[in-house]
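Per-entry structural report
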Amino acid sequence: MNDFLLKINGADVPVRAPGEETLLSVLRNRLHLTGTKYGCGEGQCGACTVLIDGVATRSCQARLATSTGVSITTIEGLEHGGLLGPVQQAFLDEGAFQCGYCTSGMILSATALLHDHPRPTDAQIVGYMDGNVCRCGTYPRITAAIHRASQLAVAGEKGGSGHAHE
Ligand code: FES
Ligand code: FES
């Protein structure tokens, strides 16, 4: 066992655990942040996706010892003051899930996508989200939700600044 200090959803979080433990296991089993899901455990499905310094990362492949000194965002960190983040809200509005098992990872990957491409094309969405698997086949609604989140973000900018950006 070793002591580590993680930064998760803006808070400093002390963890005592073996350094080789996966970040996914730490999040779920030690910190009870169970919104992050265990799918394949092999980096192939995207269910465990979190953001590390804004980059979509498979937490089943990240080790505790190498997850310090970075900013980790989980699905729980996208909600603020009881308000869902725009990507969460868009997935809800579009009903972009069936069983919901892939949804956290999808939303985190989509958040990273929209940071890089605020107005993504269908091709950019398909390319970026390629590593996130939905066994329920809700891909068309996920694509629609990402477009909706993009529009929500643009609308938010207009409302916040009072200036049109397009
Ligand atoms: S559980 Fe990590 S990619 Fe599948
Ligand atoms: S909604 Fe079931 S795996 Fe995607």
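Structure: see above.
First, a word on scope: everything that follows refers to the structure included in this document. No experiment lies behind these values; they were computed from the predicted model shown.

About the cut-offs
- Residues numbered from 1 in each chain as written.
- Chains lettered and ligands numbered in written order.
- Predicted model: local features only at pLDDT ≥ 70, side-chain atom pairs only at ≥ 80, totals over all residues.
- Heavy atoms only, no water.
- Pairing = 2+ DSSP bridges.
- Helix = DSSP H or I, 4+ residues; strand = E, 2+ residues; numbered from the N terminus.
- Axes fitted to C-alpha atoms, helices over the stretch in contact; angles between N-to-C directions.
- Parallel < 35°, antiparallel > 145°, perpendicular 65-115°, else oblique.
- Left-handed = near helix turned anticlockwise from the far one by under 90°.
- Contact = heavy atoms within 4.5 Å.
- Buried < 20%, exposed > 50% of the residue type's maximum accessible area, 1.4 Å probe, protein only.
- Core = buried A, V, L, I, M, F, W, Y, C linked by side-chain atoms within 4.5 Å.
- Domains from an automatic or database assignment.
- Salt bridge = Lys/Arg side-chain N within 4 Å of Asp/Glu carboxyl O.

**So, the pairing of strand S2 (residues 11-17)**
In this sheet, S2 lies alongside strand S1 (residues 2-8) in antiparallel orientation, the contact comprising 7 bridges. Bridged to Leu5 within S2 is Pro14. What sits between S1 and S2 in their antiparallel hairpin is a turn of 2 residues, with Asn9 showing a positive phi close to 50 degrees.

**Brief notes about the packing of helix H2 (residues 86-94) against helix H3 (residues 103-116)**
At a closest axis distance of 9 Å, the pairing of H2 and H3 adopts a crossing angle of 125 degrees. As summarised for this structure, H2 and H3 are arranged oblique, according to the angle between their axes. As for how H2 packs across H3, the hand of that crossing is right-handed. Only Thr103, Met106, Ile107, Ala110, Thr111 and Leu114 of H3 make contact with H2, whose side of the interface consists of Val87, Gln88 and Phe91.

**Some words on the environment of Thr36**
Note that Thr36 resides in the loop between helix H1 (23-30) and strand S3 (49-52). For Thr36, a relative accessible area of 1% gives the class buried. Taking the C-alpha atoms as reference points, Thr36 and Thr74, 38 residues apart in sequence, are found 6.8 Å from one another.

**So, the nonpolar core**
Val87, Phe91, Met106, Ile142 and Ile146 are the most contacted members of the largest nonpolar core, which has 22 residues in total. If you list the elements that add at least two residues to this core, you get H2, H3 and helix H5 (139-161). The greatest single-element share of this core, amounting to 7 residues, is contributed by H3. Split by domain, the residues of this core number at least three in each of domain 1 (2-78) and domain 2 (86-161). In contact with Phe91, other than residues within four places in its own chain, are Ala96, Phe97, Thr103, Met106, Ile107, Ala110, Ile142, Ala145 and Ile146. Counting 16 residues, the second-largest nonpolar core is a separate cluster that includes Val13, Ala62, Val70 and Ile72.

**Describing the pattern of salt bridges**
With the rule as written, the count across this model stands at 5 salt bridges. Note that Arg16 and Asp3 form a salt bridge whose closest N and O atoms lie 2.7 Å from each other. Separated by 13 residues along the polypeptide, Arg16 in strand S2 and Asp3 in strand S1 bring together distant segments of the chain. Both residues of the pair, Arg16 and Asp3, count as exposed. A salt bridge links Glu94 to Arg148; the nearest nitrogen and oxygen atoms lie 3.1 Å apart. With Glu94 in helix H2 and Arg148 in helix H5, this residue pair connects regions lying 54 residues apart in the sequence. One continuous salt-bridge network, built from bridges that share partners, spans Asp93, Glu94 and Arg148.

These figures come from the coordinates and say nothing about function on their own.
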